[in-house]
Amino acid sequence: MISSDVIRGYNDTIILFMLLDSESYGYEISKNIKERSDEKYIMKETTLYSTFNRLENNGFIKSFYKDETFGKRRTYYRITSAGLSYYKEKCEEWKLTKDVINRFIKEEK
Amino acid sequence: METIKNYLNNMFTNLPKSNQMLKLKNDLLSNMEDKYNELKNDGKSENEAIGIVISEFGNIDELISELGIDLGSEGIILPTITEEEAEDFMVDKKRFGLLIGIGVFLCIMGPAMLILITQLIGDGIIDKGFSSNVGDMLGIIALFIMIVPAIAIFIYSGMKLEKYKYLEGGFDLSTHLKASIQQENNAFTSPYILSVIIGVCLCLLSPVAVLVMGVFKYRAPSYGVVILLVIVAIAVFIFIYYGCIKESFSILLKIDDYKKGNKEQDKEENKVIGAVAAIVWPLAVCIFLISGFVFNQWRINWIIYPITALLFGMFSGSYSIMKGHKK
């Protein structure tokens, strides 16, 4: 399990990635994150919804209601074009960060 | 699923009831419900599923700070209590309740032993060779053996709890901690009510012992009194022990008497009642001993205890009500 402190700055990136291909809703997103990370990262509910809130306030995602076939109403999220360019920015930032941090990581022989 | 709903409700109790919050809460609930259902479908037990869902909930304070909610701190910054401090306080308070309960139990058992020993010697069940003076001495020694440790316990436990005095000055709890204490408090409600019912029933039933023993033989009412005192002692122990646990929640959650503003008044009220208690109860013991040794009224003088308890209860009850009206 990864500590939430370390990963905090990249929750936005993770959620935006999950919305790149298609719109989705809370539980589906958190489940996909868990699967994609081989269960090494489980995003807590409060983290998930804090991130949704922040992304939406910045105009990076848009929420809307969608009724499921069996009648349950869910809040779905869709990435915006601003969100897409923010995502690309974050990817560049990560590459740079990774490169810099790696210079300080001692390889075990 | 009810447990999860309650958990979430507790988390949101202290938050504003705006549309935004309502929507957020519904989203969270539906999310947790999805997770719960899937865990159940994967063959997890009810408890396991609930445990996982709650453990993956996270920290409500994270949401609060993200949403920029002001919880109305009233401009005064109070010391915030950590989870460990709250936990320590509850554990110590529980132990305090146990010790005080034992102390009071011993205090009531003291006179019971005195009566028992005096009666046993009087009936010749213990050795007949004792003169009545030696018999009285034995009774008194038994009384002191009970009461001296009780007093030591009172002093010790009072000092142990001294370090939590700062709680009186006001404090803050994180919303997360508050919610989990709230949860514990709710879970404790039914054991608490049950304990009060059992205690009251024991008190009401205790005179039956005197009546039943009275039927058997001429001397027996004294044994009945001993049984009565033992039953009352058990009831009082239950009241004190469970009361202390309940009180630890009340203090931390600032409910009942511990709300802000009432504090000064309550302190004064408790002081007066405490002072009266400190006079009345030793007085009752004095009357009990004098009437016993000087006037040899052992058969009836135990009645001083129930009478004192009733009068004291009347006094403290009506005093609180009168003070309450003056507000």
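Conventions we followed
- Once a new chain begins, its residue numbering starts again from 1 and follows that chain's sequence as written.
- Numbering of ligands from 1 and lettering of chains from A proceed in the order in which they are written.
- Restriction of local features to residues with pLDDT of at least 70 applies here, the model being predicted, together with a cutoff of 80 or more for giving and counting side-chain atom pairs; totals for whole chains, interfaces and linings are based on all residues.
- Remark: nonpolar core denotes a set of buried Ala, Val, Leu, Ile, Met, Phe, Trp, Tyr and Cys residues whose joining runs through C-beta atoms within 7 Å.
- Partly exposed residues are those whose C-beta has more than 12 but fewer than 20 other C-beta atoms within 10 Å; 20 or more makes a residue buried and 12 or fewer makes it exposed, with C-beta atoms placed from the backbone.
- Only DSSP runs of H or I reaching four residues or more are called helices, and only runs of E reaching two or more are called strands; each is numbered from the N terminus.
- For every residue pair, C-beta atoms are placed from the backbone, and the pair is scored as a contact if these atoms sit within 7 Å.
- A helix is expected to reach a length of 1.5 Å times the quantity of its residues less one.
- Lines are fitted to the C-alpha atoms to define the axes, a helix being fitted only along its stretch in contact, and any angle between axes, read from their N-to-C directions, falls within 0 to 180 degrees.
- Roughly parallel means an angle under 35 degrees; roughly antiparallel means over 145; roughly perpendicular covers 65 to 115; every other angle is labelled oblique.
- Gly is placed with the polar residues, together with every amino acid not listed as nonpolar (Ala, Val, Leu, Ile, Met, Phe, Trp, Tyr, Cys and Pro) or charged (Asp, Glu, Lys and Arg).
- Every residue is assigned a pLDDT by the predictor, reflecting its confidence on a scale from 0 to 100.
- Note: crossing handedness is left-handed where the near helix turns anticlockwise from the far helix by less than a right angle, and right-handed where it turns clockwise.
- Bend, in this description, refers to the angle at a residue between axes fitted to the seven residues ending there and the seven starting there.

Enquirer: Break down the nonpolar core for me, citing the residues and quoting the values.
Expert: All names here are of chain B. Judged by nonpolar contacts, the single largest core of 36 residues is most densely connected at Ile108, Met109, Ala112, Met113 and Leu229. For this core, the elements supplying multiple residues, two or more each, are helix H5 (83-122), helix H6 (132-161) and helix H8 (221-253). Not counting residues up to four positions away in its chain, the partners in contact with methionine 113 are Ala142, Leu143 and Met146.

Enquirer: Before we move on, could you go through helix H5 (residues 81-102) of chain A and cite the residues and values that matter?
Expert: The end-to-end C-alpha distance of H5(A) is 32 Å, a good match for the 32 Å that 22 residues give at a rise of 1.5 Å each. Of all 22 residues that make up H5(A), two are buried, and the element is exposed over most of its length.

Enquirer: Before we move on, can you summarise the packing of helix H4 (residues 45-57) of chain A against helix H4 (residues 60-67) of chain B with the specific residues and values?
Expert: Put simply, H4(A) and H4(B) touch, their axes get as near as 8 Å, and they point 10 degrees apart. Relative to H4(B), the element H4(A) lies roughly parallel. Across the interface between the two elements, Thr46(A), Thr47(A), Tyr49(A), Ser50(A), Asn53(A) and Arg54(A) from H4(A) touch Ile60(B), Glu62(B), Leu63(B), Glu66(B) and Leu67(B) from H4(B). Of the residues assigned to the contact of H4(A) with H4(B), the class counts are four nonpolar, four polar and three charged.

Enquirer: Go over the interface of chain A and chain B with me, naming the residues and quoting the values.
Expert: Listed per partner, the contact involves 13 residues of chain A and 17 residues of chain B. Those elements that provide at least two residues to the side of chain A that touches chain B are helix H3 (26-36), H4 and strand S3 (73-79) of chain A. By residue number, the principal contributor to the side of chain A that touches chain B is H4(A), which donates seven residues. Grouping the amino acids of the side of chain A that touches chain B by side-chain chemistry returns three nonpolar, six polar and four charged.

Enquirer: Which residues make up unusual backbone geometry, and what values go with them?
Expert: Most peptide bonds adopt trans geometry, and most residues besides glycine take a negative phi value. All names here are of chain A. For aspartate 38, which is not glycine, the phi torsion reads 55 degrees and is therefore positive. Turning to its location among the elements, aspartate 38 is positioned in the loop between H3 and H4. Classification of aspartate 38 as exposed rests on a count of 7 C-beta atoms within 10 Å. Phi at glutamate 39 takes a positive value of approximately 65 degrees, unusual for a residue other than glycine. For glutamate 39, the location among the structural elements is in the loop between H3 and H4. C-beta crowding within 10 Å serves as the criterion here: with 10 such atoms nearby, glutamate 39 is assigned to the exposed category.

Enquirer: Could you give me a rundown of the confidence of the model for chain B, with the residues and numbers involved?
Expert: All names here are of chain B. Residues at a pLDDT of 70 or more form 84% of chain B, whose mean pLDDT is 79. Looking at the elements of chain B, mean pLDDT is at its lowest for helix H10 (residues 298-301), recorded as 70, and at its highest for helix H3 (residues 46-55), recorded as 90. Reported for the predicted complex are a pTM of 0.52 and an ipTM of 0.85.

Enquirer: Give me the lowdown on the packing of helix H1 (residues 2-12) of chain B against H3(B), citing residues and values where you can.
Expert: Residue and element names in this part refer to chain B. For the pair H1 and H3, interaxial distance at closest approach is 10 Å and the crossing angle is 25 degrees. Classified by the interaxial angle, the pair formed by H1 and H3 is roughly parallel. Between H1 and H3 the crossing geometry is right-handed. Residues Thr3, Ile4 and Tyr7 of H1 pack against Ile50, Val53 and Ile54 of H3. Among the residues making up the contact of H1 with H3, the classes are represented as five nonpolar, one polar and no charged.

Enquirer: Could you give an account of helix H7 (residues 175-216) of chain B, with specific residues and numbers?
Expert: All names here are of chain B. Helix length check: H7, at 42 residues, gives a terminal C-alpha distance of 61 Å against a target of 62 Å (1.5 Å per residue), a fit within 8%. Its maximal kink placed at threonine 189, H7 deviates by approximately 35 degrees, while the proline proline 191 follows within four residues. Regarding H7, the residues found buried are Thr175, Leu177, Lys178, Ile181, Gln182, Gly199, Ser206 and Ala209.

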